[in-house]
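# Summary of the model geometry
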Number of protein chains: 2
Amino acid sequence: MRTWLTERFGIGVPVVGAPMAGVGAGRLAAAVSAAGALGMIGVPSAATAEWIAEQAAIAGGDGRPYGIGLLAWTLDGDPARLDAVLDARPSLVSVSFGPYAGPVERLRRAGITVVTQAGTTDEARAAERAGVDAVVARGSEAGGHGRGDVATLPLLQSVLDEVRIPVLAAGGVATARGLAAVLAAGAAGAWVGTAFMGCVETALPDAATGRVLAAGETDTAYGRVFDVVQRLAWPPEYGGRALRNAFFDRWAGREEELASDEEARAELEAARRSGDYDTAYVYAGQAVGMVRRRRTAAEVVAGFAEAERLLRRFAT
Amino acid sequence: MRTWLTERFGIGVPVVGAPMAGVGAGRLAAAVSAAGALGMIGVPSAATAEWIAEQAAIAGGDGRPYGIGLLAWTLDGDPARLDAVLDARPSLVSVSFGPYAGPVERLRRAGITVVTQAGTTDEARAAERAGVDAVVARGSEAGGHGRGDVATLPLLQSVLDEVRIPVLAAGGVATARGLAAVLAAGAAGAWVGTAFMGCVETALPDAATGRVLAAGETDTAYGRVFDVVQRLAWPPEYGGRALRNAFFDRWAGREEELASDEEARAELEAARRSGDYDTAYVYAGQAVGMVRRRRTAAEVVAGFAEAERLLRRFAT
């Protein structure tokens, strides 16, 4: 399974552990990279430059390549965090969801491989024009934030035909079958978040992991409820896919009202602190139905490596 | 590309031309089968037994295998149409969306290969228990009717791990890349509708085809508006994905009101007759963005055959 991704970073399995803010920090990134894929640190919107430096030291502690994922809309007017990323010199940085062109230019000038996530073919074309090294075609079944418009399989086919840079496939890839699929389509690898959410190396509280392991494929929902209640400045076209819960159901369709409801805001903050996931969010993609037990990142990566056998069947 | 699908029907390309009521009748089915895939007739909810017999004669006129797609919810209390299908003796019948167990049993007893469409892993398990020969894992990006819950890529991985019968992948497969993907995952073939919608052999009026060719990947919407306005007895869990238009936008979220609005009903019927697709529906999946010009079914099938080359890359 040699692709642009494996060759660029000298890794054995063409999988990137997608940056998951609040779920995957230095420890998960290090574990994914140690297992032969490429782990990434998800930088939360409120993270400090110091936090980035600390987590980067953990992720890169053994000298293996790793990546850092940044939210473009959080970088404006706060150069310290991008500086911290540049200082850490990770092998890969993703800058997505907002004005990414400036950061991409700085990172590339520093010799760092840069990607961005695209949820439509138009966004992928724009990413290529902006000079990223590769583009992540992110389908609407993916967990966390992004567009809710086009699913991975049609998006991937379209993007692969429309851009010349390497394409990574994000959204719904949870097993070797999914990895084999996107490689056969022509992707350079898979960008995998949800499949790592049951891992012992995540930063998730146990109660949240329990929700992940119990959730089925139809238990997620897409929307802006959790961003609106927290007054987060996410560009509105990038909603989030999370486990559907009572709080989401109560407020979906009433986002305007929610935006000024201080009681709901306090309720969510309290629930986050107490670990009440009927109210607090757990971002996850539709692949969550295939995440059924606690595993190590090494086990998950070893599972993906089976894609090679699936692809070899077509040799004859 | 030898799979259960190619071996069962003696075809060269592991693609089924999905049954599309109102779009693909005998002519399209015959053209798809003549090109080396397996064409199907989509039986509209109001079709008569005579219509089925006529279209079957066209589809099977040259002796090639073809299929017929039935809507399970339309069969109750009207045995004539199932009898017409049994008389026609197609190679494949799909019975989906409603109580399919009885028809499946009759068809299988007659020696006809039978499949059904599943939109969740639970539905796929139930299909296997009901005795179908294969199950179609239909993702939410697919055009026309079905569940809107799980996208093709995650659904396919899950279903392939959970059932022992052959699995066909539906939803979003529009090019050789998509076919290679689902075969690599382990599917026995792809169930393709939208990619054939630009074909000269469809029953679509030119104005509708024009909408198809002009539509982009984000121009579809999923919901029940067009079923509700027509008072069709679709089980409510099976909505439809169609090109988003002014009528859909006006009524989405107001289905209860629409259900008793006689003016809207008359408006839709008039628009269907006059070919006004700002009001009338054109069912299509997210893959519609990749359908950009009029082609023959033979050209589309030849395009899919390129999947073999994509898969051979992994031989080394």
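Residues numbered from 1 in each chain as written. Chains lettered and ligands numbered in written order. Predicted model: local features only at pLDDT ≥ 70, side-chain atom pairs only at ≥ 80, totals over all residues. Heavy atoms only, no water.

## Thoughts on the relation of the copies chain A and chain B
In screw terms, the move from chain A to chain B is a rotation of 180° and a rise of 0.0 Å along the axis, fitting with an RMSD of 0.0 Å. Those values place the two copies in the arrangement expected of a two-fold rotation axis. Counting the interface residues of chain A, we find that 100% of their copies in chain B are interface residues as well, pointing to one common contact surface. (Least-squares fit on C-alpha atoms with pLDDT ≥ 70 in both. Contact = heavy atoms within 4.5 Å.)

## Some remarks on the pattern of salt bridges
Residue and element names in this part refer to chain A. Tallying each qualifying case throughout the model produces 42 salt bridges over all chains. Among the salt bridges present, the one from R106 reaches D83, with a minimum N-O distance of 2.9 Å. A residue pair is termed long-range when its members are at least 10 positions apart, and R106 in helix α5 (residues 101-109) and D83 in helix α4 (residues 79-88) qualify at 23 residues. The class of R106 is partly exposed, set by a relative accessible area of 35%. (Salt bridge = Lys/Arg side-chain N within 4 Å of Asp/Glu carboxyl O. Helix = DSSP H or I, 4+ residues; strand = E, 2+ residues; numbered from the N terminus. Buried < 20%, exposed > 50% of the residue type's maximum accessible area, 1.4 Å probe, protein only.)

## A word on the pairing of strand β9 (residues 189-192) of chain A
All names here are of chain A. Where strand β1 (residues 15-17) lies against β9, 3 bridges are found, and the strand directions are parallel. Bridging from a neighbouring strand, V16 pairs with W191 of β9. Where strand β8 (residues 167-170) and β9 come together, 3 bridges link them in parallel fashion. Bridged to A169 within β9 is A190. The parallel pair β8 and β9 is bridged by helix α8 (residues 176-185), and the resulting crossover is right-handed. (Pairing = 2+ DSSP bridges. Right-handed = clockwise from strand over helix to strand, strands pointing away.)

## Concerning helix α8 (residues 176-185) of chain B
Residue and element names in this part refer to chain B. With 10 of 10 residues buried, α8 is to be regarded as a mostly interior element. Within α8, the full set of buried residues consists of A176, R177, G178, L179, A180, A181, V182, L183, A184 and A185. Positive backbone phi, approximately 125°, marks G186, located one or two places after α8.

## Thoughts on the nonpolar core
Within the largest apolar cluster, 176 residues are counted, with the highest numbers of intra-cluster contacts made by A:L179, A:F196, B:L179 and B:F196. Contact partners of B:L179, with chain neighbours within four places excluded, come to B:V13, B:P14, B:V15, B:V173, B:A190, B:F304 and B:A307. (Core = buried A, V, L, I, M, F, W, Y, C linked by side-chain atoms within 4.5 Å.)

## Comments concerning the environment of B:G171
With respect to the helices and strands, B:G171 occurs in the loop between β8 (167-170) and α8. Note: C-alpha distance between B:G171 and B:A56 (115 residues apart in sequence) is 25 Å. If we ignore the near neighbours within four places in the chain, the residues touching B:G171 are A:L153, B:G139, B:E141, B:A142, B:T152 and B:W191.

## Re helix α6 (residues 121-130) of chain B
An α-helix turns once per 3.6 residues; consequently, residues spaced three or four apart project the same way. All names here are of chain B. Within α6 the residues assigned to the buried category are T121, E123, A124 and A127. Projected down its long axis, α6 carries its buried residues within an arc of 155°, all on one side. Exposed side of α6, more than 90 degrees from the buried face: D122 and R129 are the residues found there. On its buried side, α6 packs onto β5 (113-118), β6 (134-138) and α7 (152-162). The first or second residue beyond α6 is G131, which carries a positive phi of 95°. (Arc of directions from axis to C-beta.)

## Observations concerning the pairing of strand β4 (residues 92-96) of chain A
Residues and elements named next belong to chain A. Most of β4 sits out of view: 5 of its 5 residues are buried. A two-sided burial pattern is seen for β4, the buried positions comprising L92, S94 and S96 on one face and V93 and V95 on the other. Bridge count between strand β3 (residues 67-71) and β4: 5 bridges; the pairing is parallel. The partner of G69 across the bridge, within β4, is S94. Crossover β3 to β4 through α4 is right-handed. The parallel pair β4 and strand β5 (residues 113-118) is bridged by α5, and the resulting crossover is right-handed.

## Quick word on the domain arrangement of chain A
Residue and element names in this part refer to chain A. If you check the domain split of chain A, you get domain 1 (4-203 + 292-315) and domain 2 (206-274). Facing the 20 residues of domain 1 at the interface are 15 residues of domain 2. The contact between domain 1 and domain 2 buries some 1,500 Å² in all, and 61% of this surface belongs to carbon and sulfur atoms. It is W73, H145 and R294 in domain 1 that bury the most area against domain 2; as a group they hold 36% of the surface buried on that side. Here domain 1 and domain 2 share 1 salt bridge between them. For the pair domain 1 and domain 2, the interface holds 9 residue pairs in polar contact (both at pLDDT 80 or more). Ranked by the residues each element gives to the side of domain 1 that touches domain 2, the list is headed by strand β7 (residues 144-146), at 3 residues. (Domains from an automatic or database assignment. Buried area = accessible area lost by both parts, 1.4 Å probe. Polar contact = N/O pair within 3.5 Å; in protein donor to acceptor, adjacent residues only side chain to side chain.)

## Things to note about the environment of B:V182
Tracing the backbone shows B:V182 in helix α8. Looking at B:V182, the relative accessible area reads 2%, which means it is buried. The spatial distance from the C-alpha of B:V182 to the C-alpha of B:G146 is 19 Å, given a sequence separation of 36 residues. Apart from the residues within four sequence positions on either side, B:V182 is in contact with A:L153, B:L156, B:A169, B:V173, B:A187, B:G189 and B:A190.

## Things to note about the sheet that holds strand β10 (residues 220-223) of chain B
Residues and elements named next belong to chain B. Read across the open sheet, the 3 strands follow the order β7-β11-β10; overall the sheet is antiparallel. Every interior strand has two partners, whereas the edge strands, β7 (144-146) and β10, have only one. The average angle at which neighbouring strand axes cross in this sheet is 25°, direction not considered. The pairing of β7 with strand β11 (residues 239-243) spans 3 bridges and is antiparallel. Paired with G146 across the strands is G239, a residue of β11. (Axes fitted to C-alpha atoms, helices over the stretch in contact; angles between N-to-C directions.)

## Some words on the sheet that holds β7(A)
All names here are of chain A. An order of β7-β11-β10 is seen for the 3 strands of this open sheet, with the pairing classed as antiparallel. The open sheet has two edge strands, β7 and β10 (220-223), and neither has a second partner. For this sheet the average axis-to-axis angle between neighbouring strands, irrespective of direction, equals 25°. By the bridge criterion, 4 bridges tie β10 to strand β11 (residues 239-243) in an arrangement that is antiparallel. Across the sheet, residue T220 finds its bridge partner in β11, namely L243.

## Digging into unusual backbone geometry
Residue and element names in this part refer to chain A. In this structure, F97 takes a positive phi of about 70° despite not being glycine. Its location among the elements puts F97 in the loop between β4 and α5. Relative accessible area serves as the criterion here: at 7%, F97 is assigned to the buried category.

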